[in-house]
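Observations on the model geometry
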Amino acid sequence: MKNLLSAERMARLKWQLLDLVYVLISIMLALVVGGIFLLILGSNPIEAYYIMFQKAFVSFGAILRRMTIYLLSGLAVAIPVKSGMFNMGGEGQIAAGAMTAAMLGSALALPAGIHPVVCMLGAILVGALLSSISALMKLKFGSSEVVTGIMLNYIVMYILQYLSMYPFRGSPNSAQTAEILETAKIPRLAEGSQASYGLFIALGCCLLFAFIMNRTRFGLELKSAGFNRLAASYQGVRVGVMSVLSMAIGGGLAAMAGAVEVMGGRYLYLDAYFTNYGFDGIAVAYMARNNPLAVIVTAFFLSTLKVGAVALDRQAGVSVYFAIALQGIIIALLVSPYLVESVFNRIRQKRLAKEKEPAIKTAST
Amino acid sequence: MPETMISMKDVTIRFGSLTANDKVSLEVREGEIMSLLGENGAGKSTLMKILYGLYTRESGEIVIDGNVMPKRYAPADAIKLGVSMVPQHFMLIDSFTVAENIVLGEEQQISHLMMSKEKACAKVDSLCERFGIPLSPKQIVGELPMGTKQKVEILKALYRGTKVLILDEPTTVLTPQEVDELFVLLRSLQRKGITIIIITHKLNEVLDISDRVTVMRLGKNMEVLETSHTNAQELSQIMVGKEVSNVYVEQGEDEAKQQNAVFRLVNLHTKREGERCNLQGINLDLFPGKVVGVAGIDGNGQTDLVEVLTGTKALSEGEIRTGDQCILANTVEEMRTLGIGIIPEDRTQQGLVLDLTVRDNILLGYKSDTRFEKHGIINLQSANKYVGDLIQKYDIRPARGNAVCRFISGGNQQKVVLARELERTGLKAVVASQPVRGLDVGAIQFTHSTLLKLRSEGMAILLISSDLDEIKTMSDYIAIIRNGRIVAFKKASDFSKDEIGLYMGGAKSEEVTA
Amino acid sequence: MEISTLISSMLRLGVPLLLAALGVLVSAKAGIVNMGMEGNMLFCAFIGALVTYWTDMPLVGLLAAVIAGLLYSLCMGVFIIKWRGNHVVVGLGFNFLMIGATTVLLKAVWNSSGNSAPLVRLPQMELPWLGQQSITLVIAIFAVFAVWFLLNKMNLGFRIRAVGEHPAAADSVGVNVMMYRFIALGIAGILGGLAGAELSIGQMGYFTKQMTASKGFLAYSAVIFAGYDPIYVVLTTMLLGLLDAFQMRAQSMFNIPGQLLLMLPYLVTLLALFGVGDKKKPKAAGKIYVRGNF
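All figures in this text were calculated on a predicted structure; none of them were measured in a lab.

**Some remarks on the overall build of chain C**
Helix and strand content of chain C: twelve helices and two strands. Listing the helices and strands of chain C from first to last along the sequence gives α-α-α-α-β-β-α-α-α-α-α-α-α-α. Computed over C-alpha atoms, the radius of gyration of chain C comes to 19 Å, within 12% of the 19 Å expected from 2.2 N^0.38 for 294 residues, which places it in the range of a compact globule. Dimensions of chain C along its principal axes, counting C-alpha atoms only, are 60 × 45 × 30 Å. When burial is assessed residue by residue, chain C has 58% of its 294 residues classed as buried.

**Focus: the overall build of chain A**
What chain A contains, in helices and strands, is 14 helices and zero strands. Reading the helices (α) and strands (β) of chain A from amino to carboxyl end gives α-α-α-α-α-α-α-α-α-α-α-α-α-α. Burial analysis of chain A (365 residues in total) assigns 55% to the buried set. Of all intrachain contacts in chain A linking residues separated by at least 6 positions in sequence, the fraction that spans at least 24 positions is 77%.

**Focus: the sheet that holds strand β10 (residues 220-226) of chain B**
Residue and element names in this part refer to chain B. Judged by pairing direction, the sheet is mixed, and its six strands sit side by side in the order β6-β7-β8-β3-β9-β10 without closing on themselves. The open sheet terminates on both sides in strands that have one partner only, identified here as β6 (83-86) and β10. When strand polarity is set aside, the average angle formed by the axes of neighbouring strands in this sheet is 20 degrees. When strand β3 (residues 33-37) meets strand β9 (residues 212-217), the two strands line up parallel, connected through four bridges. For L36, the partnering residue across the bridge sits in β9 and is T214. Of the strands in this sheet, β6 and β7 (164-168) are in contact with helix α5 (residues 146-159), which crosses β6 at around 170 degrees.

**What to know about helix α1 (residues 44-52) of chain B**
Residue and element names in this part refer to chain B. Burial within α1 is extensive, with nine of its nine residues counted as buried. Residues K44, S45, T46, L47, M48, K49, I50, L51 and Y52 constitute the buried set of α1. In the stretch just after α1, G53 is the one whose phi turns positive, near 95 degrees.

**Digging into the nonpolar core**
Counting residues in hydrophobic clusters, the biggest one holds 365 residues, and the most contacted among them are L72 of chain A together with V223 of chain C. Looking at which element gives the most residues to this core, the answer is helix α10 (residues 239-266) of chain A, with 16 residues. Not counting the four nearest positions on each side in its chain, V223 of chain C is found in contact with A21, V24, L25, A28, Y228 and V233 of chain C.

**Let's talk about the pairing of strand β4 (residues 59-64) of chain B**
As a general feature of sheets, a regular strand has side chains that alternate between the two faces. Residue and element names in this part refer to chain B. As paired elements, strand β1 (residues 4-15) and β4 share five bridges and run antiparallel to each other. Looking across to β4, one finds that S7 is bridged to V63. Where β4 and strand β5 (residues 67-68) come together, two bridges link them in antiparallel fashion. Bridge pairing links V63 to V68 in β5. Following β4, the chain reverses through two residues before pairing antiparallel with β5; D65 in that reversal takes a positive phi of roughly 50 degrees.

**Describing unusual backbone geometry**
All names here are of chain B. If you check the backbone angles, E169 has positive phi at about 45 degrees while not being a glycine. As for its placement among the helices and strands, E169 is situated in the loop between β7 and α6 (176-191). A positive phi angle, close to 50 degrees, is found at N483, a residue other than glycine. Mapped onto the elements, N483 comes out in the loop between β21 (477-482) and β22 (485-491). The exposure class assigned to N483 is partly exposed, which follows from the 16 C-beta atoms found within 10 Å.

**Quick notes on the confidence of the model for chain A**
Residues and elements named next belong to chain A. Overall, the predicted model of chain A reaches an average pLDDT of 80, with 79% of residues at or above 70. Across residues 1-5, confidence stays below pLDDT 50; counting only partners more than four residues off in sequence or on other chains, it has six contacts. Within the model, the stretch residues 355-365 combines pLDDT values under 50 with 29 contacts to residues more than four positions away or in other chains.

**Overview of the sheet that holds strand β20 (residues 460-465) of chain B**
Neighbouring strands of a sheet are bound in pairs by backbone hydrogen bonds; such pairs are parallel or else antiparallel. All names here are of chain B. The mixed open sheet is built from six strands, whose spatial order is β16-β19-β20-β13-β21-β22. Of all strands in the sheet, those with a lone pairing partner are β16 (340-343) and β22, marking the two edges. Between one strand and the next, the sheet's axes are offset by a mean angle of 20 degrees, whatever the strand orientation. As judged from the four bridges shared by β16 and strand β19 (residues 429-433), these two strands associate in the parallel manner. When the bridges of β19 are listed, I340 appears paired with A429.

**Some words on the packing of helix α3 (residues 60-82) of chain A against helix α7 (residues 198-215) of chain A**
Each pair of packed helices can be described by the angle between their axes along with the distance between the axes. All names here are of chain A. α7 packs onto α3 with a crossing angle of 25 degrees between their chain directions and a minimal axis gap of 8 Å. The orientation of α3 with respect to α7, classified from their angle, is roughly parallel. The interaxial crossing formed by α3 with α7 has left-handed handedness. Contacts from L64, M67, T68, L71, L72, L75, I79 and K82 of α3 reach α7 at G198, L199, A202, L203, C205, C206, F209 and M213. Looking at side-chain class alone, the contact of α3 with α7 contains 13 nonpolar, two polar and one charged residues.

**Focus on the packing of helix α4 (residues 90-107) of chain A against helix α6 (residues 145-165) of chain A**
Residue and element names in this part refer to chain A. Where α4 contacts α6, the two axes come as close as 8 Å, and the packing angle between them is 25 degrees. The pairing of α4 with α6 is recorded here as roughly parallel in orientation. The way α4 lies across α6 gives a crossing that is left-handed. Residues E91, G92, A95, A96 and M99 of α4 form the contact with α6, whose own contacting residues are L152, N153, V156, M157, L160 and L163. Classifying every residue of the contact of α4 with α6 gives eight nonpolar, two polar and one charged.

**Section: the confidence of the model for chain C**
Overall, the predicted model of chain C reaches an average pLDDT of 86, with 94% of residues at or above 70. Both scores are given for the predicted complex: the pTM is 0.80, the ipTM 0.83.

**Digging into the environment of D229 of chain C**
Topologically, D229 of chain C is positioned in the loop between α9 (215-225) and α10 (230-254). Separated by 82 residues in sequence, D229 of chain C and V147 of chain C place their C-alpha atoms 9.8 Å apart.

**Describing helix α13 (residues 380-394) of chain B**
Residues and elements named next belong to chain B. Along its 15 residues, α13 runs 21 Å from first to last C-alpha, staying within 8% of the 21 Å computed at 1.5 Å per residue. All of the buried residues in α13 are A383, Y386, V387, L390, I391 and Y394. Considered in projection along α13, the buried side chains sweep an arc of 140 degrees and stay on one side of the axis. Those residues of α13 that are exposed and aimed more than 90 degrees away from the buried face are Q381 and Q392.

How each quantity is defined
- Within each chain, residues carry numbers counting from 1 in the order of the written sequence.
- Each chain takes a letter, starting from A, and each ligand takes a number, starting from 1, following the order in which they are written.
- Local features in this predicted model are restricted to residues of pLDDT 70 or higher, and side-chain atom pairs are both shown and tallied only at a pLDDT of 80 or more, whereas totals for entire chains, interfaces and linings draw on every residue.
- Helical segments are the DSSP runs of H or I of at least four residues, strand segments are the runs of E of at least two, and each set is numbered from the N terminus.
- Atoms counted for the radius of gyration: C-alpha only. Globule rule: 2.2 Å times residue count to the power 0.38.
- As a rule, residues whose C-beta atom has 12 or fewer other C-beta atoms within 10 Å are exposed, those with 20 or more are buried, and those in between are partly exposed; C-beta atoms are placed from the backbone.
- What counts as a contact is two residues whose backbone-derived C-beta atoms lie within 7 Å of each other.
- Being paired, for any two strands, means DSSP has found at least two bridges between them.
- Interaxial angle, 0 to 180 degrees, is taken between N-to-C directions of lines fitted to C-alpha atoms, where a helix line uses only the stretch in contact.
- For our purposes the nonpolar core covers buried Ala, Val, Leu, Ile, Met, Phe, Trp, Tyr and Cys residues that link as a set through C-beta atoms within 7 Å.
- As a per-residue measure, pLDDT tells how confident the predictor is, with possible values from 0 to 100.
- In what follows, roughly perpendicular refers to angles from 65 to 115 degrees, roughly parallel to angles under 35, roughly antiparallel to angles over 145, and oblique to any angle outside these ranges.
- Should the near helix be turned anticlockwise from the far one by less than a right angle, the crossing is termed left-handed; should it be turned clockwise, right-handed.
- Here the term charged refers only to Asp, Glu, Lys and Arg, the term nonpolar to Ala, Val, Leu, Ile, Met, Phe, Trp, Tyr, Cys and Pro, and the term polar to all other amino acids, Gly among them.
- Here, expected helix span is obtained from the residue count minus one, scaled by 1.5 Å.
- What the arc covers is the set of directions going from the helix axis to the C-beta atoms.

And the structure:
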């Protein structure tokens, strides 16, 4: 039986490595395509990439800070996907979570240990509620959660814009809320660093969800509901409940991203500070093949890319939008599994021909 | 002199490590009805899909009506040369009309770009008349019964001026009477000069309809015989390769049903959902140590019955009685606590989550089982050990708990289902729905002997199958389901051969009172 | 609020939506969920603006935009159809790509982060009761009937619908699923090109950063709301246009904060999806078809 255990662990490791290799190949491809784009614009791609990554690493704190957000918004997409739902509402959920944390952070007076927790819980609740709307609409009416998610994004953004402009305005000069109290702040990692201990919260979530997905009944039922609703229901899995729960978790995680950014860095809500993280989360999740552990890698990569792009702007005159364009290429490339898989299939076939397997008869005659 | 219409020589194709066709040859003469006979997994469907252009062969030659076929070609090419295939699962667009389905791909046109619905209907009407097939061109296909849908498929072929008609397991969805109708039609088509190839695994149909039969086994073709010169025994021996001692139930050894039923299904009703036949008053008893076989054509309520017993479809009326308990609300947990194990009809869609491993699939069925789970966290060690034991007991290959179910063979997939369902503690009854569909001989034997072993251990078995032979050989009692009701229930030995067919088709009917 | 100015605005706001929605509709009928319409419109708005800037001839710009749309959608099609990517994520990816690319190019060509240089606009018409509209209005009306005709009367449309409902059945009779899906996407690309061009050279007279402002997504919901019917799509897109027109005026008239009005179209769409669901969706829409799975 020990054999079974170690063989199984080996096999599982192999599958995860396979995912990683696949991710790396796609990243390479995207960088190449991006480089071509740069060439067309007249910049030297090698120089550009070098500056990008070099400058990025100089401001390591900025990378870590962004990574914190990406970890959570990536999970926010990855977990629902495991049960067959697509959480498009990340943008709205992050912003809503941020606003909630900002409001609770400035309006309530609580001791330093409890305050951040309360803000976090409030944010999670709001985010989970938002995503559950999409989930329930899909369940009851069959409406695409993608469309309802997008609609909610806009609705939430506008509501928050309004709130930060009028009723909860904290500053006469711009549409932002008041700064949160000291007790609500999450301490920075080091003096002068941009990143906060929120990073560990985010990393903890990744590990937690990796554990949940692989070692708990909840994770098993979630995955089964995502892969095959019918068979899962035959085993007593409440598929509808799983869908809604996974979306709620997704919404909660996204909201956490916003809350952590407020409590660990911004200390207030201004809508410009929270845009695009939701869509970035989709990229992070898909790059990682929706694997909670791989999300750590892709979150790091994407935030390096984004931070470096800012540097690129100042140095080489290529704007931040190039990073967005690159990201778009990455996503589009990533979801062409056909290409990479056909390569892997060829490798696998060669290996099968070597191995002596008993004749596997498939049911198709 | 009969011309050779189809000639396939030494055709080979491989899927991964499986050689589906190994230097197979086939020769079909013009105007004959040729049966392609073999067990599930013999390679017959694959061979025909190669002929039709859906798969590309690795080697071998194909000549259709004198035309040498290139290595790779598409169905469009085969169609042009007069070859058509009526698939086992109909390729019909439910929301389109009969005429639209028939003309798709070769539409009747007014000008170069526009299509004419009127011309299409007219053409369909004339075809129907010419071949004697009654169809209404404007009907929506989704609303038609199976037998009629099959006629639409055949008409699709006739519309294209087919010369060779391939039918893939055409009788699985038909009543015995509808099968007769189909054969009459085929003979009339033959008289009009059409060559017919029937892919089947049913011996009696081969003997009934075909002129010649080519037998295939395990990817190779074994023999070609004149049907009139052979018989069922010979064919079966060639098909299977050895004397197969059929697993069967000793008939007549039991007494009348004075034994207490372990489960009584009383007046079960379900709500009608869409086009699926709902239960309209099922009364059925299950006895310990006895197999009750439910015979019937697909679509007469079997699916609802299984779902009710699984717990995924709620009863609108009626109850399930066991001992002194009376169940009205049949949830999955409830059914499982009662001790009912389910082997569903479609192992890939209902039985297993293909993308999960063998271990995970088995584990799914053991919710809240403290042996493997504490507070929601899975104890991997004990789970792996348990699964390892099951793999050995059921001889599941590959022998790894982390094998992904999508990549193991149909027979082994079924074994995983069996392992999960039949090893439960407190199991009292097993519901097996089409348990050997799509399996090869070895797997069929294994499944049947497993079920019968359970029977001898006192388990009650409910066997639901559209394969009459299976029902007849395996059952102590036979119940016939039609339109959501049990229309006959007798000891297996008390039924005559035709009687079952008649009940299935509705020509005979006796309401069963429990 | 004068009715005629309201209607005039409604048309101006609704016409690009209508064209985009028709594009999404044709894609959907063929089984493709076209989330990339947003990028389509943005890209073509840019190309239309660019070519008009170079040639001072808006009609040439329009043509260029249409060709650009065709190329864009065929490119996206390769990822979705040939390489079996997930429709939604590929579409979003292309959207991002276009947001980034057009903004970078905006800087590169006009050295601006906001507007391009002013451009010559498409010929305008002065209509009674309908105010000033560009000729795209006429093109749009024609497009509605063209799409209806395509889907209901033409061979091509019939096959497109077949491919969206049951690609395996179509494949089995020799209908080339890939090809017809590409054609449908190409048509969508052309329609998206018209929509984008209308935005930059038909209405505004210059190209602005991210000027599509999520019209692509609204178009998608307009299609669902319309039950995938080309005639009803006119109603739903005009309704959205009306809401948009109303919102602009209501801001000043009723003293309601701008944001709450800006979110009206999205709110209405959300509420509409309550209970409407997506029942008329072509059966195979969004599913990846792999040949040979019989």
